[in-house]
Amino acid sequence: MAVIHPDIYDPVSPEAHENPYPAYERLRDEYPLYRIEKHNAWALSRYQDVKEGLRDWELFSSAQGVELGEYVQFFGPGSIQELDPPRHDVLRKILAPRFLNRRIKDYEPMIRSSAQELVANFQNKVEIDLGAEFTQKLPILTIFRILGIPESEMGWATTTGLRMLNRPPNENGPTTEAYEARSQLVEFLEKEVERRRNTDYPDDVFGDMARAIDQGLMESREIQGLSLLLVAAGMETTTSLMGTIVHALATRQVSRQELQSAQGDLPQTAIDEFLRFDAPAQWLARVTTRDVEIHGQTIQKGSRVLMIFASANRDPREFESPDQLILTRDGSRNLAFGEGVHFCLGMPLARLEAKAGISELLKATPDFEMIGTPQRYQSHVIRGYESLPVILCP
Ligand code: HEM
């Protein structure tokens, strides 16, 4: 029997883009398994349901893509986010050692000097777009340096990466421009990996991939998906996290003092609380591999189910006063980085970038406040600011 639920939540609607949290509250309270007829999909919104669903990868598969419509499998073969075990695990293991917490710490000086470079560029200005000039640029510079992109290609690769990920208003899939940028990047990334093959493998991600191909663990055609996933996953999400923090500072929701620990750096609890409060990736989807009953309703094999991380993180069944941003709370069990086999590979890097990036920004700038209207990404998955115009207050 067809299920008809009232029109409460559409992930691509302007209302969800503006502020999805009132809709999430109604979903959790009234329709914990919600039917989104327009997209032929379902949604889970309570903390326990999202967490358990993400853990059960055999029932909730990623292999048919984790977004809606045309965005499914945009990165191509090798994108571990859209693979199930066992192939997922083989490819993830190639990347995993480099992204461990203890290895990632080695990149801290590089991240701090990239942040200082960016801040130096706007030292003499009074009005700056901290989105365009800082929160977007630091993550892309960082991930490109970890991948192994030569410094001489950094400018070109950054512009092309941004063109690939740009999602204009009323998008219903990647634009021709995004596909063009994608193929230029792929050609370039493949060359970078190929020229490292049968060498002594330089200490970067391209070197790791070249070694894996030579050892027969990975196929050359998987370079594209694995590299583009790292570019995308490493960029917009971290940009969003840092943008949310900059926005909160520039609108005086939080003070500089609250964001500085005894060591002068951003405390971990504050970073985790920003992630809980406004998850950079609001949701990702799965497809069921058999019929399943959830909250008294049977959904059929092959159903697309949105796992709304951002709603889970505001579930009062799990977090006290979830709609309040409390920078000292331990919100580390939030689901902003997902859960289970696809748990974010870049979590240590993202936390480090936010800590080092925002701390360097605060060290080098006087107080700043918002002038003009900040612009959010035109994405229905990513929630964060693309543009953050501020004025520096001497
Ligand atoms: C604040 C920043 C970040 C957030 C909120 C975030 C969030 C997420 C989430 C929710 C997932 C799970 C996807 C799923 O279940 O389908 C994920 C996976 C992933 N993330 Fe992140 N991410 C962030 C930063 C990064 C960075 C900096 C990297 C760069 C290395 C990265 C690399 C990945 C990769 C490779 C996966 C796929 C893992 C897999 O499928 O096994 N992420 N991320």
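Caption draft 1: Local environment of the overall build of the chain. Helix and strand counts for the chain come out as 15 helices and twelve strands. Taking 21 Å as the expected radius of gyration for a compact globule of 394 residues, we find that the chain reaches 21 Å, a close match to that expectation. In terms of principal-axis extent, the alpha carbons of the chain reach across some 65 × 55 × 40 Å. In the chain, which comprises 394 residues, the share counted as buried stands at 58%. Here the chain contributes 43 positive and 58 negative side-chain charges, whose respective centroids are spaced 3 Å apart.

Caption draft 2: Looking closely at the sheet that holds strand β9 (residues 368–370). Read across the sheet, three strands follow the order β4-β12-β9 without closing on themselves; strand pairing throughout is antiparallel. Since the sheet does not close on itself, it has two edges, and those belong to β4 (127–129) and β9, each with one partner. If you compare each strand with its neighbour and ignore which way they point, the axes differ by 35° on average. Relative to strand β12 (residues 389–392), β9 runs antiparallel, the two being bridged by three bridges. The residue of β12 that forms the bridge with E369 is I391. Helix α12 (residues 223–250) rests against β9 and β12 of the sheet, and its axis sits at about 95° to β9.

Caption draft 3: Representation of the site of the ligand in the model. H88, R92, R286, H342 and C344 are the nearest of the 28 residues found near the ligand. In the model, an oxygen atom of the ligand is placed 2.6 Å from a nitrogen or oxygen of the H88 side chain. In the environment of the ligand, an oxygen atom lies 3.5 Å from a nitrogen or oxygen atom belonging to the backbone of V341. Put simply, the ligand lies in the largest cavity. Elements that contribute at least two residues to the shell around the ligand include exactly α4 (87–95), α12, β5 (284–288) and α15 (347–364).

Caption draft 4: Summary view of the coordination of the iron atom of the ligand. Just one protein atom coordinates the iron atom of the ligand, and that atom is C344 (SG), at 2.3 Å. Within the fold, C344 resides in the loop between α14 (309–312) and α15.

Caption draft 5: Seen up close, empty space enclosed by the protein. Across all of its chains, the model carries three cavities of 30 Å³ or more by this definition. Looking at the largest cavity, its volume works out to about 920 Å³. Q81, L229, A233, T237 and C344 are, among the 46 residues lining the largest cavity, the residues nearest its centre. Elements represented by at least two residues in the lining of the largest cavity include exactly α4, α12, β5 and α15.

Caption draft 6: Representation of the pattern of salt bridges. What the rule picks out here adds up to 35 salt bridges. One salt bridge in this structure joins R112 and E360, with 2.8 Å as the shortest N-O distance. Of this pair, R112 sits in helix α6 (residues 108–121) while E360 is found in helix α15, placing the two residues 248 residues apart along the sequence. On the basis of relative accessible area, R112 is assigned to the buried category, the value being 15%.

Caption draft 7: Structural view of the layout of surface pockets. Considering only enclosed or pocket space, the second largest pocket measures out at about 270 Å³ in volume. Forming the walls of the second largest pocket are 16 residues, and the residues nearest its centre are R35, N40, W42, Q300 and S303. With three residues, the single largest contributor to the lining of the second largest pocket is strand β7 (residues 297–299). Looking at the lining of the second largest pocket residue by residue, the class counts come to six nonpolar, seven polar and three charged.

Caption draft 8: Quick peek at the packing of aromatic side chains. Tallied over the entire structure, the rule returns eight aromatic pairs. Their ring planes at 65° and their centres at 5.1 Å tell us that W156 and F188 sit as a pair that is edge-to-face. One end of the pair, W156, is in helix α9 (residues 154–165); the other, F188, is in helix α10 (residues 176–194), with 32 residues separating them in the sequence. The partly exposed category is assigned to W156, whose relative accessible area is 35%. A relative accessible area of 12% means that F188 is categorised as buried. Ring geometry for F337 and F343: centres 6.3 Å apart, planes at 55°, overall tilted. The exposure class of F337 is buried, given its relative accessible area of 14%. Take F343: its relative accessible area is 27%, and that puts it in the partly exposed class. Through a chain of ring-to-ring contacts, three or more aromatic side chains come together here, namely Y9, Y21 and Y24.

Each value, and the rule that gives it
- Residues numbered from 1 in each chain as written.
- Predicted model: local features only at pLDDT ≥ 70, side-chain atom pairs only at ≥ 80, totals over all residues.
- Heavy atoms only, no water.
- Helix = DSSP H or I, 4+ residues; strand = E, 2+ residues; numbered from the N terminus.
- Rg over C-alpha atoms; globule rule 2.2 N^0.38 Å.
- Buried < 20%, exposed > 50% of the residue type's maximum accessible area, 1.4 Å probe, protein only.
- Lys, Arg positive; Asp, Glu negative; His and termini not counted.
- Charge placed at Lys NZ, Arg CZ, Asp CG, Glu CD.
- Pairing = 2+ DSSP bridges.
- Axes fitted to C-alpha atoms, helices over the stretch in contact; angles between N-to-C directions.
- Contact = heavy atoms within 4.5 Å.
- Near = heavy atom within 4 Å.
- Polar contact = N/O pair within 3.5 Å; in protein donor to acceptor, adjacent residues only side chain to side chain.
- 1 Å grid on protein atoms, 1.4 Å probe; cavity = no way out; pocket = protein on both sides within 12 Å on 5 of 7 lines; lining within 4 Å.
- Sits in = over half its atoms within 2 Å of the grid points.
- Donors = N, O, S within 2.8 Å, 3.2 Å for Na, K, Ca; no water.
- Points joined across faces, edges and corners; volume = space filled by probe spheres on them.
- Salt bridge = Lys/Arg side-chain N within 4 Å of Asp/Glu carboxyl O.
- Nonpolar A, V, L, I, M, F, W, Y, C, P; charged D, E, K, R; others polar.
- Phe/Tyr/Trp six-rings, centres within 6.5 Å; stacked < 30°, edge-to-face > 60°.

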